[in-house]
Protein chains: 2
Amino acid sequence: MGKTIIFNNKPKIISTYSVAGPKESLSYINDYFDCKIDDDFFQEKTFEKAETKMLYRCILGIFEKNKLNDKDIDVILSGDLLNQITASSFSIRNFDCSYLGIYNACATFAESIIIGSMGVDGGYLKNCICATSSHFSSAERQYRYPLELGSTRPPLSQWTVTGAGSVLIDRSEIGININSATIGKIVDFGIKDANNMGSAMAPSAVDTLVSHFKTTGTKPRDYDLIVTGDLGTFGSRIFKDLCWERGYDVENQHIDCGEIIYNIKEEEFQGGSGAGCSSLVFSSYIYRNILEGKLKRVLLICTGALLSSTTTLQGESIPGISHLVDIGG
Amino acid sequence: MGKTIIFNNKPKIISTYSVAGPKESLSYINDYFDCKIDDDFFQEKTFEKAETKMLYRCILGIFEKNKLNDKDIDVILSGDLLNQITASSFSIRNFDCSYLGIYNACATFAESIIIGSMGVDGGYLKNCICATSSHFSSAERQYRYPLELGSTRPPLSQWTVTGAGSVLIDRSEIGININSATIGKIVDFGIKDANNMGSAMAPSAVDTLVSHFKTTGTKPRDYDLIVTGDLGTFGSRIFKDLCWERGYDVENQHIDCGEIIYNIKEEEFQGGSGAGCSSLVFSSYIYRNILEGKLKRVLLICTGALLSSTTTLQGESIPGISHLVDIGG
């Protein structure tokens, strides 16, 4: 059982900002993005610097939208997929704000919201910004092969999203409620194929979701949407099957950020992935739909594969973890 | 100003466990360690697996000492220096507990205590385990050179501690108080030498400490000990000088975990460093001295250098961050 926590004072999401890469800007949901980049390098010399600038832009967007100064924000929580989460550290050094770096792979976005919400709900922080990013090109060369090698992609592979998303959480009266959360456990089904991460993550997403249902006494129909982070097409099928086996039919509520971020054609295979996948889709498409009343209650389940290139080379399987946040209502 | 938070319900540290590597086991404070390893490989095939096993041993130690089962612990918070913090993820997958992965380099230990304390103090968690590790050999080959190369160490370099430390935080009546904390900001003084991390981190430690003094209205003499994480000998001198410049003389209270972990001789140069340095020294020597009443009030300031080998190669400077926890009293 994952640990479910209830936020009695219901901290609010009062603002979001999203930055999308060139490929993501062609998505069906591209009207919802705050900032679209038409250059993978974002005018920088390296992909890592481009990702850092993108995440910086994404956090700065929150400051600009809400006319805030650095001293108005208590803490920025952030993480990304680069070794030592340097996109986060190097973007946040430009802000005169306290910083908590966190990492649970592509589950980092929900993790940051959970920790930030504990801080705000408990009265320790007046507010916080939570942000995550990923970048296709920096991820490819770090986890797989240099792009210049032109490697063939296997059929179960996903495409790391170039994008970033951020949310501002506050004690405000107005905004979208953060009701509760479930902190996930690591679930390892022994998948060793680093190109099949949907399968590695799906069991952990089911574990966290079922924990949440049982602890809160809710059912799939209590929610308008159950959003997973980046299971992709194949992983989503496994997720729905495993939910069904555990007695929960989520077919009508489920969408996956990795599935909706691209107009899935052959070259993206299973869809998007990356720490920026769920944060980009949540802070744009999903947030706006909740804001406009088209969605009321949403479960966001960010799904992470806790591998590194070293563990894969050393023959390890891929542990999965998923964190859940109950939003809206 | 770093963000200072007060824990009104005073969560307690009720147990610790420490694991020390072969070199660390020869330290002056080696009588305080719970577990000493006499083999860098810890019977594993790789240094990364050895570090993972060491961190596992360190968390398991808390379970054994306190006769706990997995279901007795709400959340484990952990981080380490390996890419994608895999020592943490791969050790914690052996426990049936919720997991929050965090990363602020060698400031991770204090960061984990701050987040865990918010969770326990706010009533969200009944308890949590916070643990961090580092390993000399896995760090050398990831951040610097393979050991087999036999590279010469420059005079300002530090020796990454092979070790791990963990604490159990609970709402218990009995135990050592966690009174307050200051979440640090990133401070970057433009140091670009990855072998001179004490200088890169010292300004952030001063920033966090001075923030804490100002916000809480306390002075150095209100504490028995002001413990920095891993500034080393040279970094500690900079730290004390900068504190003095800001109007605080910490000469009589200050010790550095990196300085006391080794019997500093020529080959360790500036002393120890690493995410396991402060956690090992705190969870053994310092904890026991508080427990035995020899120390009352202690400020633990874990100091992190937020670089990666990629950022150094790309010509970036080294941002520093320090988190502070006020313990005891």
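Residues numbered from 1 in each chain as written. Chains lettered and ligands numbered in written order. Predicted model: local features only at pLDDT ≥ 70, side-chain atom pairs only at ≥ 80, totals over all residues. Heavy atoms only, no water.

1. Side note on the overall build of chain A
Then step 1. When helices and strands are tallied, chain A shows nine helices and 15 strands.
Then step 2. Computed over its C-alpha atoms, the radius of gyration of chain A comes to 18 Å, within 12% of the 20 Å expected for a compact globule of 329 residues.
Then step 3. Among the 329 residues that make up chain A, the fraction classed as buried is 66%.
Then step 4. For chain A, the share of sequence-separated contacts (at least 6 apart) that also reach a separation of at least 24 residues comes to 78%.
Then step 5. Of the roughly 11,200 Å² of accessible surface on chain A, a fraction of 49% belongs to carbon and sulfur atoms.
Then step 6. Side chains of chain A give 31 positive and 39 negative charges; the mean places of these two sets differ by 4 Å. (Helix = DSSP H or I, 4+ residues; strand = E, 2+ residues; numbered from the N terminus. Rg over C-alpha atoms; globule rule 2.2 N^0.38 Å. Buried < 20%, exposed > 50% of the residue type's maximum accessible area, 1.4 Å probe, protein only. Contact = heavy atoms within 4.5 Å. Areas by Shrake-Rupley, 256 points an atom, 1.4 Å probe, with all protein chains shown as cover. Lys, Arg positive; Asp, Glu negative; His and termini not counted. Charge placed at Lys NZ, Arg CZ, Asp CG, Glu CD.)

2. Some points on the interface of chain B and chain A
Then step 1. If you look at the interface, chain B gives 57 residues, while chain A gives 57 residues.
Then step 2. Interface area for chain B against chain A, summed over the two sides, is near 4,700 Å², with a carbon-plus-sulfur share of 58%.
Then step 3. Considering only the surface of chain B that becomes buried against chain A, Gln84, Arg93 and Tyr124 of chain B emerge as the three largest contributors, covering 17% of it.
Then step 4. On the surface where chain B and chain A come into contact, there are 10 salt bridges.
Then step 5. The partner of Lys49 of chain B in a salt bridge is Glu316 of chain A, with the nearest N and O atoms 2.9 Å apart.
Then step 6. In this assembly, chain B and chain A are joined by 40 residue pairs in polar contact (both at pLDDT 80 or more).
Then step 7. Broken down by secondary-structure element, the contributors of at least two residues to the side of chain B that touches chain A are strand 1 (3–6), helix 1 (47–65), helix 2 (86–92), strand 5 (98–101), helix 3 (108–121), helix 4 (136–143), helix 9 (309–313) and strand 15 (320–328) of chain B.
Then step 8. If you tally residues by element for the side of chain B that touches chain A, the top one is helix 3 of chain B, at five residues.
Then step 9. Here the side of chain B that touches chain A is composed, by residue class, of 26 nonpolar, 19 polar and 12 charged. (Buried area = accessible area lost by both parts, 1.4 Å probe. Salt bridge = Lys/Arg side-chain N within 4 Å of Asp/Glu carboxyl O. Polar contact = N/O pair within 3.5 Å; in protein donor to acceptor, adjacent residues only side chain to side chain. Nonpolar A, V, L, I, M, F, W, Y, C, P; charged D, E, K, R; others polar.)

3. Re the pairing of strand 2 (residues 12–20) of chain B
Residues and elements named next belong to chain B.
Then step 1. Burial analysis of strand 2 places eight of its nine residues in the buried class, which makes it a mostly covered element.
Then step 2. Note: strand 2 against strand 8 (residues 163–170), eight bridges, orientation antiparallel. Counterpart to Val19 in the pairing with strand 8 is Ala164.
Then step 3. Where strand 2 and strand 9 (residues 176–183) come together, two bridges link them in antiparallel fashion. (Pairing = 2+ DSSP bridges.)

4. Notes on the relation of the copies chain B and chain A
Then step 1. Rotating chain B by 180° and moving it 0.0 Å along the rotation axis overlays it on chain A with an RMSD of 0.0 Å. Such a combination of rotation and displacement between the chain copies is what one expects of a two-fold axis. Taking C-alpha positions as reference, the residue of chain B nearest the rotation axis is Ile102 of chain B, located at 2.0 Å.
Then step 2. An overlap of 100% is found between the interface residues of chain B and their copies at the interface of chain A, pointing to a shared contact surface. (Least-squares fit on C-alpha atoms with pLDDT ≥ 70 in both.)

5. Quick word on the environment of Asn177 of chain A
All names here are of chain A.
Then step 1. You can see Asn177 is positioned in strand 9 (residues 176–183).
Then step 2. Residue Asn177 is classed as buried on the basis of its relative accessible area, which comes to 15%.
Then step 3. Sequence separation between Asn177 and Lys10 is 167 residues; the distance between their C-alpha atoms is 5.5 Å.
Then step 4. Only 3.3 Å separates the side chain of Asn177 from the side chain of Lys12, close enough to count as a polar contact.

6. Examining the packing of helix 5 (residues 197–216) of chain B against helix 6 (residues 232–245) of chain B
Residues and elements named next belong to chain B.
Then step 1. One can describe the packing of helix 5 onto helix 6 by two numbers: an axis separation of 8 Å at closest approach and a directional angle of 35°. Along this stretch, helix 5 crosses helix 6, giving a crossing that reads as right-handed. Taking contact as the criterion, the partners of Gly198, Ser199, Ala202, Pro203, Ala205, Val206 and Leu209 in helix 5 are, on helix 6, Phe234, Gly235, Ile238, Phe239, Leu242 and Cys243.
Then step 2. Of the residues belonging to the contact of helix 5 with helix 6, the class tally is 10 nonpolar, three polar and no charged. (Axes fitted to C-alpha atoms, helices over the stretch in contact; angles between N-to-C directions. Left-handed = near helix turned anticlockwise from the far one by under 90°.)

7. Description of the pairing of strand 8 of chain B
All names here are of chain B.
Then step 1. With eight of its eight residues buried, strand 8 lies for the most part within the structure.
Then step 2. Here strand 8 shows no split at all, with Gly163, Gly165, Val167 and Ile169 on one side and Ala164, Ser166, Leu168 and Asp170 on the other all buried.
Then step 3. With eight bridges joining them, strand 6 (residues 127–134) and strand 8 adopt antiparallel strand pairing. Looking across to strand 8, one finds that Asn127 is bridged to Asp170.

8. With respect to the packing of helix 1 (residues 47–65) of chain A against helix 4 (residues 136–143) of chain A
Residue and element names in this part refer to chain A.
Then step 1. Where helix 1 meets helix 4, the axes come as close as 8 Å, and the angle between the chain directions of the two elements is 135°. Comparing the axis directions of helix 1 and helix 4 gives the class oblique. Crossing hand, helix 1 versus helix 4: left-handed. Contacts between helix 1 and helix 4 involve Phe47, Glu48 and Glu51 from the former and Ser137, Ser138 and Arg141 from the latter.
Then step 2. Split by residue class, the contact of helix 1 with helix 4 holds one nonpolar, two polar and three charged. (Parallel < 35°, antiparallel > 145°, perpendicular 65-115°, else oblique.)

9. Here we look at the packing of aromatic side chains
Residue and element names in this part refer to chain A.
Then step 1. With the rule as written, the count across this model stands at 18 aromatic pairs over all chains.
Then step 2. Consider the rings of Phe136 and Trp159, whose centres lie 4.0 Å apart with planes at 0°: the pair is stacked. Placement of Phe136 in helix 4 and of Trp159 in strand 7 (residues 159–160) is noted, with a sequence separation of 23 residues between them. Here Phe136 matches Trp159 in class, with each residue buried. (Phe/Tyr/Trp six-rings, centres within 6.5 Å; stacked < 30°, edge-to-face > 60°.)

10. Observations concerning the environment of Thr310 of chain A
All names here are of chain A.
Then step 1. Along the chain, Thr310 falls in helix 9 (residues 309–313).
Then step 2. Exposure remark for Thr310: the relative accessible area of 25% places this residue in the partly exposed category.
Then step 3. Sequence-wise, Thr310 and Tyr143 are 167 residues apart; in three dimensions their C-alpha atoms are separated by 9.1 Å.

11. Quick notes on helix 5 (residues 197–216) of chain A
Residues and elements named next belong to chain A.
Then step 1. Counted at 1.5 Å a residue, the expected span for helix 5 with its 20 residues is 28 Å, and the 29 Å between its end C-alpha atoms agrees.
Then step 2. Across the 20 residues that make up helix 5, a large majority, 17, are buried.
Then step 3. Of the residues flanking the end of helix 5, it is Gly217, one or two places downstream, whose phi is positive at about 65°. (Expected span 1.5 Å × (residues − 1).)

12. So, the confidence of the model for chain A
Then step 1. In this model, chain A carries a mean pLDDT of 96, and residues with pLDDT of at least 70 account for 98%.
Then step 2. For this predicted complex, the interface score ipTM comes out at 0.97, alongside a pTM of 0.98. (pLDDT = per-residue confidence, 0-100.)

13. Quick notes on the pattern of salt bridges
All names here are of chain B.
Then step 1. Inspection of the entire model under this criterion finds 30 salt bridges over all chains.
Then step 2. A salt bridge links Glu251 to Lys240; the nearest nitrogen and oxygen atoms lie 3.9 Å apart. A residue pair is termed long-range when its members are at least 10 positions apart, and Glu251 in the loop between helix 6 and strand 12 (254–256) and Lys240 in helix 6 qualify at 11 residues.
Then step 3. The shortest N-O distance in the salt bridge between Asp326 and Arg297 comes to 2.7 Å. Note that Asp326 is positioned in strand 15 and Arg297 in strand 14 (residues 297–305), a separation of 29 residues in sequence.

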